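Secondary and tertiary structure notes
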Amino acid sequence: MSAARPQENHPEIPHLDPVLAPGHSYESVTEQISAAVLTRPTTLGWFVGFTIAFSVLGMLTVAVAWLVIKGVGIWGINIPIGWGFAIVNFVWWIGIGHAGTLISAILFLLNQKWRTSINRFAEAMTLFAVACAGLFPLIHTGRPWMAFYMFPYPSTMGIWPQFRSPLIWDVFAVSTYGTVSLLFWFVGLIPDLATLRDRAISKPKQMIFGLLAMGWRGSARHWHRYQSAYLLLAGLATPLVLSVHTVVSFDFSIAIVPGWHTTIFPPYFVAGAIYSGFAMVLTIAIPLRKFYHFEDFITMRHLENMAKVMLATGLIVAYGYFFEFFMSLYSGQKFDVFLVHQRLHGPYSHFYYALILCNILTPQLLWIRRMRTNVTVLFLMSIVVNIGMWLERFVIVVISLTRDFMPSAWGRYSPTVWDWATFIGTMGLFTTLIFLFVRVLPAISIAEMRELVAHDEEHE
Amino acid sequence: MQERSHLYGVMGEFETAADLIRAAEKTRDAGYKNMDAYAPYPVEGLSEALGLRRSWVPFLTLMGGLGGGLTGFGFQYWVNVIAYPLNIAGRPLNSWPAFIPVTFELTILGAASFAVFGMLALNKLPHPYHPVFNVARFSRATTDRFFICIEATDPQFSVTESTRFLQSLDAQHITEVRDEEAPLEHGHG
């Protein structure tokens, strides 16, 4: 127990992989990232992937169209399970979005250099995930064309939204989150759009990127204000992202339903959101670096760090599960105790055990460095965690609603084929947008990579 | 002087950020005021070298945040207390804790919008055309080259003197920046 630091020069401490592979110049990072958009031809693999994703998106279109024609009766929802898949999927998608903001804002404030090559597509992922999430409450209303009722507007009836309801807080939280994420993402893109404008050869590309870049010319006066705005946005997005999943958890915890009415929900929802979000970033980053040869920019260091964040947030989630149980039993409140019993032995207990397996047990493998640095293991792990986080929301929504206070109000829930078509369809929407994004915009921030090159040169 | 184009300034190119900062400092020390530097990424220390004042963006952001928050709370107060008061078991109409989430979200929304649109407005963007784009090599300002432009509006500006000055800073590819599309009535009559 000496106060000295024995780690230094210790041969067993593994050397950290660099954030950017050595030997890169301003020109080489710019060329390699912009080539993926400008010069490299669209590959067959992209077309195949896009076609599959777009077909799945087609399924979503059909499912939503049928919903609009027939109404929410085509879903498995009933009384008492009025929420069902729509809310499970909403919470799942919005949670996935959180990692993007965490990477772009919180890691920026903490001056983590490794965020640089993953923040752009993580932010894009946030936007697309919020789009998928927002769809569910919208169509869950059954009459999506009436959704404007949720916004305060001067109606002829003179009534206003119920501002004391978490569901209205949710409207404001999610729409603010979507807007601010879009602004943040676009501000980050401006210098890169200018780079693409200046490197594009064809006239249409010059025009389109030129229009989007708004005449950015890298002026020092502009950078001066730009950096100030970017830092402020990061500072604003940080409390925002924490507030969004907190408000989402209020949807549950403000209600008195057993299993929902707990104060641990906000922190454990936020941790769960970041957990699933990092899993999704890995799910996207691993194929992206492989197919676009971005191994120099998205190094093992990034993947390992993301795995560590997953492990840490996964443990917070595990702590949340434990205390949920403990507080229910400790309170001695018979409805809460009964709910614990229902999770372990009720009709949906297999979902609960699967959730523990996916979210708590499997990720413990990440303690082992060899697992954290194995790309295949990480990819599979990221999918397992995403399934686990979806199961978590299913358990929360369905078990509590099927086992209310009175046995006469108990029910059962099973999703229909339309529930599945809508859910899988949103994955198609998400993947389609990701495919389009990597094809038409730089998936890695070029300006920030140049900053990294400058930083590396200074320290040589 | 019947030229259709008018002179915007003279521009010199530098290969590294360190050269650019040194040149910017010297240009400022030489007494030039209307000038700008161009870089492919935000160069640390460049704002100080140019002597740029603190930007107005943080102030605008604060105003946006205050405006958003006050609007958010004020509106909820107005709806629940003035426009459509509902007495539910005698509970207070101004149940302010329940109004916090929306107030908070609108604070962030206001602040973030003001930060972004304020930054763009102060930078006078969108501004798709600018005379510096007429310099052929300037397209590298968004890849790997650094530029300084001394503008013709500077009281100390003269084509020969300023060019010679840039030469003394070891600038490469010194060129005149001409504004091809300047309106004819622009001071050359």
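Each helix and strand counted, chain B has 5 helices and 4 strands in total. In chain B, the succession of α and β elements from N to C terminus is β-α-β-α-α-α-β-α-β. The C-alpha radius of gyration of chain B comes to 25 Å, more than 25% above the 16 Å expected for a compact globule of 189 residues. Over its C-alpha atoms, taken along the principal directions, chain B stretches across nearly 85 × 40 × 30 Å. Out of the 189 residues belonging to chain B, those deemed buried represent 40%. The long-range fraction of contacts in chain B, counting pairs at least 24 apart against all pairs at least 6 apart in sequence, stands at 82%.

On to the overall build of chain A, then. Check the secondary structure of chain A and you find 15 helices and 0 strands. Along the first, second and third principal axes, the C-alpha atoms of chain A reach 70 × 70 × 40 Å. Contacts in chain A between residues at least 24 apart in sequence constitute 82% of all its contacts with a sequence separation of at least 6.

On to the packing of helix α3 (residues 84-109) of chain A against helix α14 (residues 417-440) of chain A. Packed helix pairs are specified by the crossing angle of their axes together with the interaxial distance, meaning the distance between the axes. All names here are of chain A. The N-to-C vectors of α3 and α14 enclose an angle of 15°; their axes lie 10 Å apart at closest approach. Compared by their axis directions, α3 and α14 come out roughly parallel. For the crossing formed where α3 meets α14, the hand is right-handed. From α3, Gly84, Phe85, Asn89 and Trp93 reach across to α14, where they touch Asp419, Phe423 and Thr426. Residue composition of the contact of α3 with α14, by class: 3 nonpolar, 3 polar and 1 charged.

This paragraph deals with the interface of chain A and chain B. On the chain B side, the residues contacting the 48 residues of chain A number 51 residues. Elements supplying a minimum of two residues to the side of chain A that touches chain B: α1 (26-38), α5 (166-199), α7 (220-253) and α15 (446-458) of chain A. Ranked by the residues each element gives to the side of chain A that touches chain B, the list is headed by α7 of chain A, at 16 residues. Among the residues forming the side of chain A that touches chain B, the class breakdown is 25 nonpolar, 15 polar and 8 charged.

Residue and element names in this part refer to chain B. By secondary structure assignment, the location of asparagine 34 is in the loop between α1 (17-29) and β2 (35-38). Exposure remark for asparagine 34: the 14 C-beta atoms within 10 Å place this residue in the partly exposed category. It is 6.6 Å that separates the C-alpha atoms of asparagine 34 and threonine 153, two residues lying 119 residues apart in sequence. In this structure, asparagine 34 is in contact with Glu151, Thr153 and Asp154, ignoring residues within four places of it in sequence.

This part takes up unusual backbone geometry. Cis geometry is adopted by the peptide bond preceding proline 80 of chain A, which originates at isoleucine 79 of chain A and carries an omega value of 20°. Residue position: proline 80 of chain A is located in the loop between α2 (44-70) and α3. The peptide bond linking leucine 125 of chain B to proline 126 of chain B adopts the cis configuration, its omega dihedral lying at -5°. Counting through the fold element by element, proline 126 of chain B comes out in the loop between α4 (96-122) and β3 (146-151). With a phi angle near 60°, methionine 214 of chain A is a residue other than glycine that sits in the positive phi range. Relative to the assigned elements, methionine 214 of chain A resides in the loop between α6 (203-213) and α7.

All names here are of chain B. Of the residues in chain B, 93% reach a pLDDT of 70 or more, and the chain-wide mean stands at 90. In this model residues 182-189 is a low-confidence stretch, pLDDT under 50, and it forms 5 contacts with partners more than four residues away in sequence or in other chains. In the model output, the complex is listed with pTM 0.91 alongside ipTM 0.91.

What follows covers the confidence of the model for chain A. Here chain A shows a mean pLDDT of 91. Residues at 70 or above account for 96%. Note on residues 1-11 of chain A: pLDDT is under 50 here. Beyond four places in sequence and across chains, it has 1 contact.

Residue and element names in this part refer to chain B. Strand order in the open sheet formed by 4 strands is β2-β3-β1-β4, and the pairing between neighbours is antiparallel. Pairing within the sheet leaves two strands with one partner each, and these edge strands are β2 and β4 (172-179). Neighbouring strand axes in the sheet, compared pairwise and without regard to direction, differ in orientation by 20° on average. Alignment of strand β1 (residues 6-14) against β3, held across 6 bridges, turns out to be antiparallel. Each residue of the ladder has a partner; that of glutamate 13, found in β3, is phenylalanine 147. Contacts from α1 reach β1, β2 and β3, with the element oriented near 15° to β3.

So, on to the domain arrangement of chain B. Each domain of chain B was delimited in the assignment, giving domain 1 (7-52 + 124-179) and domain 2 (57-122). For domain 1 of chain B versus domain 2 of chain B, the separation of C-alpha centres amounts to 44 Å.

Grouped together as the largest cluster of nonpolar side chains are 184 residues, with contacts concentrated most on Leu233 and Val281 of chain A together with Leu20, Ala39, Ala115 and Ile148 of chain B. Looking at this core, you find at least three residues from each of domain 1 (7-52 + 124-179) and domain 2 (57-122) of chain B. If we ignore the near neighbours within four places in the chain, the residues touching leucine 233 of chain A are Leu183, Phe184 and Val187 of chain A together with Ala112, Ala115 and Val116 of chain B.

Its place among the elements puts leucine 233 of chain A in helix α7. Separated by 53 residues in sequence, leucine 233 of chain A and valine 180 of chain A place their C-alpha atoms 8.2 Å apart.

Residue and element names in this part refer to chain A. Packing of α1 against α15 leaves a shortest axis separation of 9 Å and a crossing angle of 155°. Considering their axes alone, α1 and α15 lie roughly antiparallel with respect to each other. At the point where α1 passes α15, the crossing takes the right-handed sense. Contacts between α1 and α15 pair Tyr26, Val29, Thr30, Ile33 and Ser34 from the former with Ile446, Met449, Arg450 and Val453 from the latter. Here the residues of the contact of α1 with α15 are counted per class, giving 6 nonpolar, 2 polar and 1 charged.

Calculation notes
- Residues numbered from 1 in each chain as written.
- Chains lettered and ligands numbered in written order.
- Predicted model: local features only at pLDDT ≥ 70, side-chain atom pairs only at ≥ 80, totals over all residues.
- Helix = DSSP H or I, 4+ residues; strand = E, 2+ residues; numbered from the N terminus.
- Rg over C-alpha atoms; globule rule 2.2 N^0.38 Å.
- Buried ≥ 20, exposed ≤ 12 C-beta atoms within 10 Å, placed from the backbone.
- Contact = placed C-beta atoms within 7 Å.
- Axes fitted to C-alpha atoms, helices over the stretch in contact; angles between N-to-C directions.
- Parallel < 35°, antiparallel > 145°, perpendicular 65-115°, else oblique.
- Left-handed = near helix turned anticlockwise from the far one by under 90°.
- Nonpolar A, V, L, I, M, F, W, Y, C, P; charged D, E, K, R; others polar.
- pLDDT = per-residue confidence, 0-100.
- Pairing = 2+ DSSP bridges.
- Domains from an automatic or database assignment.
- Core = buried A, V, L, I, M, F, W, Y, C linked by C-beta atoms within 7 Å.

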